[in-house]
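# A look at the structure
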Amino acid sequence: MAKGDDTIAKKRNKVMRKKQNSKTDRASVSARVAAIIATKKRRKSGKRRQCEGMCFSLPTLDDPYNDRNGKPLKSKISKKKEKSEWNKKKSDKEKETSPKKSKSNADVDELEKINEMIRSLKTKKQIKSSLSVDDSEKWEFEKSCRPSKFLMMCLTEIRDGLFSSGNYSQKEEKCLLSNHWGAGILRSFASGNDILWTDGSEATREQIAWIACTAAEKIARNQKAGLSVSGAFLLYLVSSQEKTVKVRSVSKHLKSLGLHSVSLHPGASIDHQISGLKSCEPEFIVSTPERLLELVALKAVDVSSVSLLVIDGLESLCDGGYLDNVKSISQTISGKCCTMIFNDGSSQTSNEAAESLLKRSVCRLSLHDTENKAL
């Protein structure tokens, strides 16, 4: 072997021995000691890690021993700011979780009212849990006397339509949007009671509007619940052609919301009315009893699934000899149907007719009484 090859082999063997020795040394010492040895070797070789602050920063007057590793000192002002922000967040959380502290007697009264409302809601929940399925459905509808957003939208549609026709005053508008008897209609219809108006007059435009909007809200609820609505929902019986025009002049303004109404009376040809009923499926039917029975006999209209029957002007219907027709129409309606009667007189005949037509528990309403009387 040449001299040069011999020296190369010696050097190679020396390197291999060093590697083996270093492996045995690391295995013999602990991990902490091995880390110290490794840092010492790096320091001697001139290599530095980025995490070692002494390699990249020098001691200063503020930090002579370089304890902060070159990081800037937080000033007192920034500490105060952080403290104030932390306090702010804490106070915001407390505001969200706990009610405001009352400083005056008025605030104390308000808090007491809120607590009473919460207690009453808890009792209502307990009562509701003890009810059956049908009773709980009634409870859901009865518990709030406030009209829904959809009902208010229907009322505003009718108001705007009446204003555009030019025969509507601001006084009538106030009665339409803010009254005490509207909630009575909602409550009675929800609880399944029949309604008898004790004013001794026919329905006003405001009452017609509330009846139509209550029916519209119930239709919307049924559609939301996935219940199929077939046939007319509201049947409105009147004694003359002029009254059918009056009622439809109010209910027709709900057409923009997808609710159609038709008026059936002897003043128009029966063929024209049959074609009109075929072209659309009306939700509201306003009719005289005589013409309605003619169309039912011809199977042009089906009123068996009506949910709300309104008899407007019972005294006039009795005087015109339509009482038997009204009774036969009422008998053709199958299923649950709420009956509402406006008796425009006080004769014995009309009173007896009202008693025979109202089959369920009766709620008496009036435009003037602030309280509703149920029988």
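Residues numbered from 1 in each chain as written. Predicted model: local features only at pLDDT ≥ 70, side-chain atom pairs only at ≥ 80, totals over all residues. Heavy atoms only, no water.

Taken over all residues, the pLDDT of the chain has a mean of 77, while the share at 70 or more is 70%. Between residues 99-103, whose pLDDT stays under 50, and residues either more than four places distant or in other chains, the model counts five contacts. Scored below 50 in pLDDT, residues 127-133 shows five contacts in the model against residues more than four places distant or in partner chains. (pLDDT = per-residue confidence, 0-100. Contact = heavy atoms within 4.5 Å.)

The next subject is the pairing of strand β1 (residues 194-197). Because side chains alternate across β1, one face comprises the buried residues Asp194 and Leu196, and the other comprises Ile195 and Trp197, equally buried. Strand direction decides the pairing type here: β1 and strand β7 (residues 362-365), joined by four bridges, are parallel. Pairing of leucine 196 across the sheet is with arginine 364, part of β7. When β1 meets strand β6 (residues 338-342), the two strands line up parallel, connected through three bridges. Note on β6: the bridge partner recorded for leucine 196 is isoleucine 341. (Buried < 20%, exposed > 50% of the residue type's maximum accessible area, 1.4 Å probe, protein only. Helix = DSSP H or I, 4+ residues; strand = E, 2+ residues; numbered from the N terminus. Pairing = 2+ DSSP bridges.)

Applying the stated rule across the entire model yields one cavity of 30 Å³ or more. By volume, the largest cavity is sized at about 50 Å³. In terms of lining residues, the largest cavity is bounded by Ile208, Ile211, Ala212, Leu234, Tyr236, Val247, Ser251, Phe284 and Val286. Ranked by the residues each element gives to the lining of the largest cavity, the list is headed by helix α9 (residues 205-224), at three residues. (1 Å grid on protein atoms, 1.4 Å probe; cavity = no way out; pocket = protein on both sides within 12 Å on 5 of 7 lines; lining within 4 Å. Points joined across faces, edges and corners; volume = space filled by probe spheres on them.)

The next point concerns the packing of helix α11 (residues 270-279) against helix α12 (residues 289-297). Between α11 and α12, whose axes approach to 11 Å, the crossing angle comes to 65 degrees. Considering their axes alone, α11 and α12 lie roughly perpendicular with respect to each other. At the point where α11 passes α12, the crossing takes the right-handed sense. Where α11 approaches α12, its residues Ile270, Gln273, Ile274 and Leu277 are matched on the opposing element by Arg291, Glu294 and Leu295. Its residues placed into classes, the contact of α11 with α12 shows four nonpolar, one polar and two charged. (Axes fitted to C-alpha atoms, helices over the stretch in contact; angles between N-to-C directions. Parallel < 35°, antiparallel > 145°, perpendicular 65-115°, else oblique. Left-handed = near helix turned anticlockwise from the far one by under 90°. Nonpolar A, V, L, I, M, F, W, Y, C, P; charged D, E, K, R; others polar.)

So, about unusual backbone geometry. The phi dihedral of lysine 299 falls on the positive side, at around 60 degrees, and the residue is not glycine. Following the sequence through the fold, lysine 299 ends up in the loop between α12 and β5 (308-312).

Where helix α8 (residues 181-191) meets α9, the closest approach of the two axes is 10 Å, and the angle between their N-to-C directions is 40 degrees. Comparing the axis directions of α8 and α9 gives the class oblique. The hand of the α8/α9 crossing is right-handed. Mapping the contact onto sequence places Trp181, Gly182, Ile185, Leu186 and Phe189 in α8 and Glu206, Gln207, Trp210, Thr214, Glu217 and Lys218 in α9. Its residues placed into classes, the contact of α8 with α9 shows five nonpolar, three polar and three charged.

Overall, the coordinates contain four aromatic pairs when judged by the stated rule. Look at phenylalanine 189 and phenylalanine 233: their rings are 6.4 Å apart centre to centre, the planes differ by 75 degrees, and that puts the pair in the edge-to-face class. Taken together, the residues phenylalanine 189 in helix α8 and phenylalanine 233 in the loop between α9 and β2 (234-237) connect sequence positions 44 residues apart. Assessed through its relative accessible area of 12%, phenylalanine 189 is described here as buried. Given the relative accessible area of 5%, phenylalanine 233 is considered buried. When the ring of tryptophan 197 is compared with that of phenylalanine 342, the centres are 5.4 Å apart and the planes differ by 5 degrees; the resulting orientation is stacked. Separated by 145 residues along the polypeptide, tryptophan 197 in strand β1 and phenylalanine 342 in strand β6 bring together distant segments of the chain. For the residue pair tryptophan 197 and phenylalanine 342, the accessibility class agrees, reading buried in each case. (Phe/Tyr/Trp six-rings, centres within 6.5 Å; stacked < 30°, edge-to-face > 60°.)

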